[in-house]
Amino acid sequence: MPEAESAAHYLAEKIDRDGPIALSEYMAIANAAYYAAKDPIGEQGDFVTAPEMSQIFGELVGIWLSDLWLRKGSPDHIHYVELGPGRGTLASDALRAMSKFGAKPQVHFVETSPELKAKQAKVHESAAWHETIETLPTDGPLLIVANEFFDALPVEQYIATQAGWRRHMVARERNKFIAIPGTEIINNRVSKSSAGLPAGTILESSPASIEILGALSSRIAKQGGLMLIIDYGYDRPGTGSTLQAVKEHLPISPFDSPGTSDLTAHVDFHSLGNIAKTRLLSVHGPVGQGQWLKSLGIDQRAKRLAELVPKKADSIRAAHHRLTHPDEMGRLFRVMAATSMEWPEPEGFTYGEP
Ligand code: SAH
C-alpha cells in the first residue's frame, strides 16, 4: 500500500492508466494509506473517539461484558476480541473493569495499521494481533467489540440513471478526483424495491462490512459469545451518500486528499443486524449511545468520578455531555449487540430506539 502522501499520486496513476475505479476501491486504498501512516486519533490528530474522551466509556463496556460472562456461569477460556482498537484505550479500560469481576480473557486485536499496532503493543504486551478475522481463535467463546471500526470500511455506491442503475466510480478531471456513474448497467445488484427511484438517487452498501459481520456471526453461533458494535449510522434502509472525510476535526471533500483525511461512511445497522439474524444470533438494538450508556449507569459513575477527582470535575462533565447528549454523540451513535442463542440477554436495550 502507498504511504499517505503518495496515495493520491498512486490513485491518480492507476486511474490514468486503467480508467475509473470503483468507489470502494478508492476508499480502501485511501484508508489503508491513511491509517498506516499515522495515529489520527486525539486533539492533535483528525478526530476524537468515545474511549479517548473518558475512561468511563471503556469501563461500562467492560462491566456490560462482565455481566454477560457472569450470568453465563463464568466460563474460564474466553477471548476478548477488538476490531480496530486504535490506541488500545477502550481495551485497557474494559479489561481493567472485567478483571474486577474475575474475568481474565485472552486478548486479540484485529488491526492492519503498523503505526497503531505499535501503540497498542505498548499498553497490551500479551495481546495477539491479527491482520484479518480469519486467524482469530476457534476454541472458546468470542467477546467481540468494535467501536468506530465499521465506518472505516469501504462502501460501494449505486446511482440511478435514466438507463438503469450504475456503480459510482472515481475518475479524474482536470487533476481532481470526481465521482461518475460507471458505463455498465448493474440493475441486478440493487434490490427490486428500488426499481422506481428517480434518476440521481444513490444507494450505498458496504460489502466488506457484510462479509466480516457474516463470518464473525458464524463463529459466535458455533463458539458462543457475542459482538458489540458502536458506530454512527442508521437503523433503517435509506438513500443518499453518507461518505465523508475529516481532517484536523473539520469536514472536507472525500475527493480532496485521499490518504491524508479520514474517510468514513455511516454504518448500515439494518443490513448488519439482518446478517447476524440469518446466522441465528439474537440481535439487540440498535439504540442510541446516550440511552445505552445511561441505562448502564453513566450518570452515577460520572458523578462519583467527579467527586473522587474534583480537579477533573469539569472535564468529566464535558465528556459525559459529549457521549450522551442527543445533539452530540448520544443519538447518531448507535449501539447494537448480537449474541449467541446460548448466551444470556444483554443489558441496555430494554427501551426503544432514541
Ligand atoms: N476503536 C478505536 C479506533 C477507531 S479508528 C477507538 O474507538 O478509538 C479505526 C480503527 O480501525 C483504527 O485502529 C484503524 O487502524 C482500524 N482499521 C481500519 N480499517 C481496518 C481494516 N480494514 N482492518 C483492520 N483494522 C482496520
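Throughout this document, residue positions are counted from 1 along each chain, in the order its sequence is written. Local features in a predicted model are, by the rule used here, given only for residues with pLDDT of at least 70; side-chain atom pairs are given and counted only at 80 or more, and totals for whole chains, interfaces and linings are based on all residues. Hydrogens and waters are ignored; side-chain quantities use all the structure's heavy atoms.

**So, a nonpolar patch on the surface**
Then, in step 1: Patches in this entry comprise residues that are over 30% relatively accessible and not in a salt bridge; like charges within 9 Å are linked, as are nonpolar side chains (Val, Leu, Ile, Met, Phe, Trp, Tyr) within 5 Å. Note on areas: Shrake-Rupley, 1.4 Å probe, and residue coverage restricted to the protein chains presented here. What makes a salt bridge here is a side-chain nitrogen of Lys or Arg within 4 Å of a carboxyl oxygen of Asp or Glu, nothing more. A surface patch of nonpolar side chains, about 230 Å² in accessible area, is lined by I63, L70 and F101.
Then, in step 2: Only protein chains enter the calculation, and the probe is 1.4 Å; a residue is then buried if its accessible area is under 20% of its type maximum, exposed if over 50%, and partly exposed in between. For I63, a relative accessible area of 36% puts it in the partly exposed group.

**A short note on unusual backbone geometry**
Then, in step 1: In this structure, P286 follows G285 across a cis peptide bond, with omega equal to 5 degrees.
Then, in step 2: For P286, the position within the fold is in strand 15 (residues 282–288).
Then, in step 3: Even without a glycine there, the phi angle at H249 is positive, about 70 degrees.
Then, in step 4: Looking at the element boundaries, H249 is found in the loop between strand 11 (244–247) and strand 12 (250–252).
Then, in step 5: By relative accessible area, which is 36% here, H249 ends up partly exposed.
Then, in step 6: The phi dihedral of L280 falls on the positive side, at around 65 degrees, and the residue is not glycine.
Then, in step 7: Only DSSP runs of H or I reaching four residues or more are called helices, and only runs of E reaching two or more are called strands; each is numbered from the N terminus. Mapped onto the secondary structure, L280 falls in the loop between helix 8 (269–278) and strand 15.

**Side note on the packing of helix 7 (residues 207–223) against helix 8**
What describes two packed helices is the angle between their axes and the distance between those same axes.
Then, in step 1: Angles run from 0 to 180 degrees between N-to-C directions of axes, and those axes are lines fitted to C-alpha atoms, restricted for helices to the stretch in contact. For the pair helix 7 and helix 8, the least separation of the axes is 9 Å and the interaxial angle reads 30 degrees. Judged on the interaxial angle alone, helix 8 and helix 7 are roughly parallel. The way helix 7 lies across helix 8 gives a crossing that is right-handed. Along the contact surface, helix 7 presents S209, I210, L213, G214 and S217, while helix 8 presents S271, L272, I275 and A276.
Then, in step 2: Classification convention: Asp, Glu, Lys, Arg as charged; Ala, Val, Leu, Ile, Met, Phe, Trp, Tyr, Cys, Pro as nonpolar; all other residues, Gly among them, as polar. Split into classes, the residues belonging to the contact of helix 7 with helix 8 amount to five nonpolar, four polar and no charged. Under this scheme an angle from 65 to 115 degrees is roughly perpendicular, one under 35 degrees roughly parallel, and one over 145 degrees roughly antiparallel; angles in between are oblique. Crossing handedness is defined as follows: a turn of the near helix away from the far one that is anticlockwise and smaller than a right angle gives a left-handed crossing, while the clockwise case is right-handed. In what follows, a contact means two residues having at least one pair of non-hydrogen atoms within 4.5 Å.

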